[in-house]
Amino acid sequence: MADGVPVDQLYPMDTDRIFASLDKIKPHIRKWWGTGSEIQQMLHDKVVDLAQSYDGRALLLMDQGAPTDINRNQAKLQWDYWVIPKGGPNVQNAQKFIEFATRADRQAAFAQLFPEGPSNRNAFKLIPDKVARKLPTYPDYMKSSVSVNGQWYNDIGPDGLSNTERLTQRWNEWVLQ
């Protein structure tokens, strides 16, 4: 997107174009972070002006009064899923649990304890606005957010590697150059 690719044309990703775009900013990057705690420390210590971070890490700093803010314009959204293994010994109980965990009232309660966006949109009717506006799936933010295409990352190429594995290899080589 930073190189001008429209959101609806992100996938399949053009990895050569991605790394050519990264080449443009690489000389200006002081440090590439490797863990969530590392980016949180860098933000806390004010050694970075701009960063990509996990929501929970940035929100914790904000709640502690750090001069940090989140810009959700074109934020990447990644979805988590509940799954029941085929042939599992407690399929009916697992189904009951998923039904319970995805109720609006349960997701609203969880979102007030842990800053992850509920997938049940009705949960926002039960979340105080002050909390709701911190969550990545807040309806106003969803309008400009971009869903990550998990299938593309998992697709296996003719070399037997997934796109994720190829991106990781390329990143590891590129970042050391």
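Our structure's up above, just so we're on the same page.
Lay out the environment of Arg 57 with the relevant residues and their values.
Relative to the assigned elements, Arg 57 resides in helix α3 (residues 55-63). The class for Arg 57 is partly exposed, based on a relative accessible area of 30%. Between the C-alpha atoms of Arg 57 and Ile 39, which are 18 residues apart in sequence, the distance is 8.0 Å. Not counting residues within four places of it along the chain, the set of residues in contact with Arg 57 comprises Gly 36, Ser 37 and Gln 40. One polar contact links Arg 57 to Gln 40, side chain to side chain, over a distance of 2.9 Å.

How would you summarise the nonpolar core if you had to cite specific residues and measurements?
Core analysis: the biggest nonpolar cluster contains 9 residues, these being Ala 104, Ala 108, Ala 111, Ala 123, Phe 124, Ile 127, Ala 132, Leu 135 and Tyr 138. For Phe 124, the residues in contact, after removing those within four places along its chain, are Pro 118, Ala 132, Leu 135, Thr 137, Tyr 138 and Pro 139.

Can you tell me about the environment of Asn 149, naming the residues and giving the values?
As for its placement among the helices and strands, Asn 149 is situated in the loop between β2 (146-147) and α8 (150-154). Looking at Asn 149, the relative accessible area reads 29%, which means it is partly exposed. In sequence terms Asn 149 and Thr 15 are 134 residues apart; their C-alpha atoms lie 15 Å from each other. Polar side-chain contacts of Asn 149 include one of 3.0 Å to the backbone nitrogen of Trp 152.

Run through the packing of aromatic side chains, naming residues and quoting values.
Within the structure shown, the criterion is met by 12 aromatic pairs. Plain terms: the ring middles of Phe 19 and Trp 174 are 5.9 Å apart, the flat faces sit at 65 degrees to each other, and that makes the pair edge-to-face. Of this pair, Phe 19 sits in helix α1 (residues 15-25) while Trp 174 sits in helix α9 (residues 163-176), and the two are 155 residues apart along the sequence. Comparing Phe 19 with Trp 174 shows no difference in burial state: the two are buried. Seen from their ring centres, Trp 171 and Trp 174 are 5.2 Å apart, and the 35 degrees between their planes marks the pair as tilted. Of the two residues, Trp 171 and Trp 174 both sit in helix α9, 3 residues apart, roughly one turn of that helix.

Report on the pattern of salt bridges, specifying residues and quantitative values.
Across all of its chains, the model carries 11 salt bridges by this definition. For Arg 106, the salt bridge is made with Asp 105, and the minimal N-O distance between the two is 3.5 Å. A residue is classified by how much of its surface remains accessible, and Arg 106, at 32% relative accessible area, is partly exposed. Through salt bridges that share partners, Asp 3, Arg 17 and Lys 24 make up one connected network.

Give me the lowdown on helix α5 (residues 104-113), citing residues and values where you can.
What α5 keeps buried is the set Ala 104, Gln 107, Ala 108 and Ala 111. Seen from one end, α5 has its buried residues packed into an arc of 105 degrees, which puts them on one side.

Please provide a residue-by-residue account of α3, values included.
The complete set of buried residues in α3 reads Asp 55, Ala 58, Leu 59 and Leu 61. Down the axis of α3, the buried set is contained in an arc of 160 degrees. They therefore lie on one face. Residues of α3 that are buried make contact with α2 (36-44). Immediately beyond the C-terminal end of α3, within one or two residues, lies Gly 65, with a positive phi of roughly 95 degrees.

Conventions and cut-offs
- Residues numbered from 1 in each chain as written.
- Predicted model: local features only at pLDDT ≥ 70, side-chain atom pairs only at ≥ 80, totals over all residues.
- Heavy atoms only, no water.
- Helix = DSSP H or I, 4+ residues; strand = E, 2+ residues; numbered from the N terminus.
- Buried < 20%, exposed > 50% of the residue type's maximum accessible area, 1.4 Å probe, protein only.
- Contact = heavy atoms within 4.5 Å.
- Polar contact = N/O pair within 3.5 Å; in protein donor to acceptor, adjacent residues only side chain to side chain.
- Core = buried A, V, L, I, M, F, W, Y, C linked by side-chain atoms within 4.5 Å.
- Phe/Tyr/Trp six-rings, centres within 6.5 Å; stacked < 30°, edge-to-face > 60°.
- Salt bridge = Lys/Arg side-chain N within 4 Å of Asp/Glu carboxyl O.
- Arc of directions from axis to C-beta.

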